[in-house]
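Tertiary structure, described
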Amino acid sequence: AGAMPAENAADFPPGFLWGAATSAYQIEGAPEADGKGPSIWDTFAHTPGKISDGSTGDVACDHYHRWREDIDLMKRLGLQAYRFSISWPRIFPEGTGRPNRRGMDFYSRLVDGLLEAGIQPYATLFHWDLPQSLQDRFGGWEGRETAQAFADYAGHVAAVLSDRVKHFFTINEFFTFVELGHQIGIHAPGLKLPPARVNQVRHHALLAHGLAVQAIRARSRRGTLVGPAENLMTCVPVIETPAHVAAAQAAMRDVNGGYTTAMLEGRYPPRWLEKLGADAPRVAADDLGIIGAPLDFFGANVYAPFFYVRAIDAEPGYEVIPLPETYPKFPHSTWLRMGPEGLYWAVRHLASIWNVKSIHVTENGCGTKDTPNAAGEMLDVDRIAYTRHYLMQLQRATAEGVPVRSYFHWSLMDNFEWADGLTTQRFGLVHVDFDTQRRTPKLSAEQYREVIRHHRVV
Ligand code: PNW
C-alpha cells in the first residue's frame, strides 16, 4: 500500500496512514507501578533545577491508568495508527536479568485495545528512559554492555508483541539524548563529557540499534518490520536546481555522519571522521556492519530544517548557510521554527540519497502555550498553520513518488516536554489539564480529524 498514485492531485496516496505519537516517560506517570524500576529520567526530573517549571513525570498524563480513555480519544480523532514507546525499566527493572511480566502486560493490554479500536500500533523501544541501574553499573551508554542489554530487551519485547505489533522503532532520536544528555547536560543523565567520551556514547547507541535490529529479526514473527526514528538535520538547497540539490545531498551525508549516514551506509563518512580527529570513537571490527544492516523502513522525526546549502566550486563543493531569519522561531522553544520545506526535503533526501523505499514521518508538530478562551476553547491557530504548511510539503513529496507511508503528529496530547516540564510549552492536539487530568481537544484536533477524513490538507 502507499505506492499507487492518488486519484486527485491534492490527495495523499491510497493506504497512507494518519497517526499521532507519544512516549512513555512523557505521558505514563506511575513510576513505581507493577514492579517498574527507576529510569534516568525519574532521577533527572527529581534533581532540583533541571526542569524549568519544577515538574516531573511522576503523574504526567496518568496514561498508565487512563489508557482506555486515551484510546477513546484517538478514536474520536479518527486516528488510524498510534506510535507509543515502551519503558525499558517496566520490562527489565534493572535493565538486564529477568523480564517483569506485569510491566509487559500493560503494553499487551494497550496493544489489544488499540487493535480492537482499529488503530495500528507502532512501538518505539527506546525513547530516552534508560534503566537507572544500567547508568549505575555500566555508565549507561558509555558502556558497551548497555548496547547488548538493549538488544536483549528489544528481542524480548518483539518475541511477546510481534504477533500483534508489526512496526518496531529501535531508538528515538539519537542526537537528542546523546548530545543533550551527555555533552550539554540539559537532558538525562545530565553529563558534560569531553568529546571523545560523547563520541563513544554515540557509537554505542548506534551499535545498540544495530544489535536490536538483529535481535528483533531473530525473535519476531515473519513480517515484522524494524527501523529507527531519527531526527535528521535537514539541508535545504537554497535554489531548487540540480547543482544546489547535489550540494545539499552532499551536505546531508556529512552533517548526519554520526547517525543517519552511518546507519544507511554502514560507515562514518571520511569528512566526519576527519572532524573528530583523535576524539573518534573506538570501533570494533564488526560494528559498522551491524550498524549498517539493511532496514525495513526509515522513521524520520521532522520539526524544522537545519541549514540552507549552496553549491560552490571549492572543496567540498557545498557551503552551509544559515536559514532565513524570516522563518519564525516559536516563542516558547529554543530550537523550533517554522520551515515547512524541511519536511519535503527530509523525505526526498532519504529516497534520493540513500534509496530508502519506505519512510514513516514518526514525529512532526509544534509547542505552543494554548490557554482556553472565555468559552473554554483552545484556538491553537499556530498549530493549525504549522500542520497545514508542513503537510502541504509532505503531500508534494508523495505526489512526486517519494515513498512515505505514514505521518504521526507529535503529539496526541500535551505531555511532559522534557527539560521544559509540563507547562512551558504544550505539543498536544488535545489539551490536558494537569490538575484534573481532563482532556479537551484543541481546534487543531478538529483540523487533524478533517485531514484524516478527507485524506488531504485542510
Ligand atoms: C523530540 N532539536 O525532541 C522528541 O522525540 C519528543 O520526545 C519531544 O517531545 C519532541 O521532539 C518535541 O520537543 C526534540 O533540538 C528535541 O532540534 C530537540 C530537537 C528536536 C526534537
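Per an unreviewed UniProt entry, the protein goes by Beta-glucosidase and derives from Azohydromonas caseinilytica. Its UniProt record, at the heading Sequence similarities (unreviewed entry), says of the protein: "Belongs to the glycosyl hydrolase 1 family." Of the protein, the UniProt comment under Catalytic activity (unreviewed entry) reads exactly: "Hydrolysis of terminal, non-reducing beta-D-glucosyl residues with release of beta-D-glucose."

1. Topic: the overall build of the protein
Each helix and strand counted, the protein has 16 helices and 13 strands in total. Along the three orthogonal principal directions, the C-alpha set of the protein runs to about 60 × 50 × 45 Å. Residue burial in the protein is summarised as follows: out of 458 residues, 60% are buried. In the protein, once contacts between residues fewer than 6 apart in sequence are set aside, the share between residues at least 24 apart is 75%.

2. Comments concerning the pattern of salt bridges
When charged atoms on two side chains of opposite charge get close, those side chains can pair. Here the structure, examined in full by the defined rule, presents 28 salt bridges. Members of the salt-bridge network, linked through shared partners, are Asp370, Asp380, Arg383, Asp414, Arg426 and Lys442.

3. Remarks on the site of the ligand
Surrounding the ligand, one finds 16 residues, the nearest of these being Gln26, His127, Glu363, Glu417 and Trp418. Glu363 places a side-chain nitrogen or oxygen 2.9 Å from an oxygen atom of the ligand. Here Trp410 contributes a side-chain N or O atom positioned 3.2 Å from an oxygen atom of the ligand. In isolation the ligand offers 450 Å² of accessible surface; the protein chains occlude 94% of this area. Grouping the constituent residues of the shell around the ligand by class yields seven nonpolar, six polar and three charged.

4. Remarks on the packing of aromatic side chains
With the rule as written, the count across this model stands at 40 aromatic pairs. Aromatic pair Phe126 and Trp141: ring centres 5.3 Å apart, planes at 70°, arrangement edge-to-face. Residue Phe126 is located in strand β3 (residues 120-126), and its partner Trp141 is located in the loop between α6 (132-138) and α7 (144-161); the two are separated by 15 residues in the primary sequence. We classify Phe126 as buried; its relative accessible area is 1%. Ring centres of Tyr308 and Tyr327 lie 6.3 Å apart, and the angle between their planes is 85°; on these two criteria the pair is classed as edge-to-face. One end of the pair, Tyr308, is in strand β8 (residues 307-311); the other, Tyr327, is in the loop between β9 (318-321) and α14 (341-354), and 19 residues separate them in sequence. Summarising the burial analysis for this pair, Tyr308 and Tyr327 share the class buried. These aromatic residues form a ring-pair network of at least three members: Trp88, Phe92, Phe126, Trp141, Phe150, Tyr153 and Phe177.

5. Brief notes about helix α8 (residues 174-184)
Within α8, eight of the eleven residues are buried, which leaves the element mostly enclosed by the surrounding structure. Where α8 is concerned, the buried positions are Phe174, Thr176, Phe177, Val178, Glu179, Leu180, Gly181 and His182. As for α8, its buried residues are in contact with β3, β4 (167-172), α9 (195-219), β5 (225-231) and α11 (260-265). Positive phi shows up at Gly185, right after α8, with a value of about 80°.

6. Thoughts on the sheet that holds strand β6 (residues 235-237)
Reading across the sheet, the three strands line up as β6-β8-β9 and stay open at both edges, with mixed pairing between neighbours. Each edge of the sheet is formed by a strand with only one pairing partner; in this case those strands are β6 and β9. Across the sheet, the mean angle separating the axes of adjacent strands is 35° when strand polarity is ignored. Strand direction decides the pairing type here: β8 and β9, joined by four bridges, are antiparallel. Of the residues in β9, the one forming a bridge with Val309 is Val320. With respect to the sheet, helix α10 (residues 242-255) is in contact with β6, β8 and β9, its orientation differing from that of β8 by roughly 125°. Taken strand by strand, α14 contacts β6 and β8, and its axis lies near 100° from that of β6.

7. Focus: the sheet that holds β3
With parallel pairing, the eight strands of this closed barrel are ordered in space as β1-β2-β3-β4-β5-β7-β10-β11. In this sheet, neighbouring strand axes are inclined to one another by 25° on average, regardless of whether the strands run parallel or antiparallel. Relative to strand β11 (residues 404-410), strand β10 (residues 359-363) runs parallel, the two sharing three bridges. Directly across from His360, in β11, lies its bridge partner Ser406.

8. Considerations on the environment of Arg137
For Arg137, the location among the structural elements is in helix α6. Residues Arg137 and Gly95, 42 residues apart in the sequence, show an inter-C-alpha distance of 10.0 Å. Residues within four places of Arg137 in sequence aside, it is in contact with Glu94 and Thr96. Among the polar contacts listed, one links the side chain of Arg137 to the backbone oxygen of Glu94, at a separation of 2.7 Å. Here Thr96 takes part through its side chain, which lies 2.9 Å from a polar atom of the side chain of Arg137.

9. A closer look at a nonpolar patch on the surface
Taken together, the side chains of Leu379, Val381 and Leu443 present a nonpolar region at the surface, about 250 Å² in accessible area. Mapped onto the elements, Val381 comes out in helix α15 (residues 381-399).

10. Concerning the UniProt feature "binding site: substrate" (unreviewed entry) in the protein
The positions that UniProt labels "binding site: substrate" (unreviewed entry) are, in the present scheme, Gln26, His127, Asn172, Tyr303, Trp410, Glu417 and Trp418. Structurally, Gln26 is set in helix α1 (residues 24-27). Ignoring anything within four residues of it in the chain, the contact list for Gln26 reads Ala60, Cys61, His127, Trp410, Asn415, Phe416, Glu417 and Trp418. Within the local environment of Gln26, its side chain forms a polar contact with the side chain of Ser23, the two groups lying 2.8 Å apart.

11. Details of the UniProt feature "active site" (unreviewed entry) in the protein
Cross-referencing UniProt, the feature "active site" (unreviewed entry) maps to Glu173 and Glu363 in the present numbering. For the annotated residues, spread through 191 residues, the largest C-alpha to C-alpha distance comes to 10.3 Å, consistent with a single compact locus. The exposure class of Glu173 is buried, given its relative accessible area of 5%. Beyond its immediate stretch of four places on either side in the chain, Glu173 contacts Trp128, Ala229, Glu230, Asn231, Asn301, Tyr303 and Glu363. A distance of 2.5 Å separates polar atoms of two side chains, one belonging to Glu173 and the other to Thr176.

Parameters and conventions
Residues numbered from 1 in each chain as written. Predicted model: local features only at pLDDT ≥ 70, side-chain atom pairs only at ≥ 80, totals over all residues. Heavy atoms only, no water. UniProt positions renumbered as here; feature names shortened; annotations may be inferred. Helix = DSSP H or I, 4+ residues; strand = E, 2+ residues; numbered from the N terminus. Buried < 20%, exposed > 50% of the residue type's maximum accessible area, 1.4 Å probe, protein only. Contact = heavy atoms within 4.5 Å. Salt bridge = Lys/Arg side-chain N within 4 Å of Asp/Glu carboxyl O. Near = heavy atom within 4 Å. Polar contact = N/O pair within 3.5 Å; in protein donor to acceptor, adjacent residues only side chain to side chain. Areas by Shrake-Rupley, 256 points an atom, 1.4 Å probe, with all protein chains shown as cover. Nonpolar A, V, L, I, M, F, W, Y, C, P; charged D, E, K, R; others polar. Phe/Tyr/Trp six-rings, centres within 6.5 Å; stacked < 30°, edge-to-face > 60°. Pairing = 2+ DSSP bridges. Axes fitted to C-alpha atoms, helices over the stretch in contact; angles between N-to-C directions. Patch = residues over 30% accessible without salt bridge, like charges linked within 9 Å, V, L, I, M, F, W, Y side chains within 5 Å.

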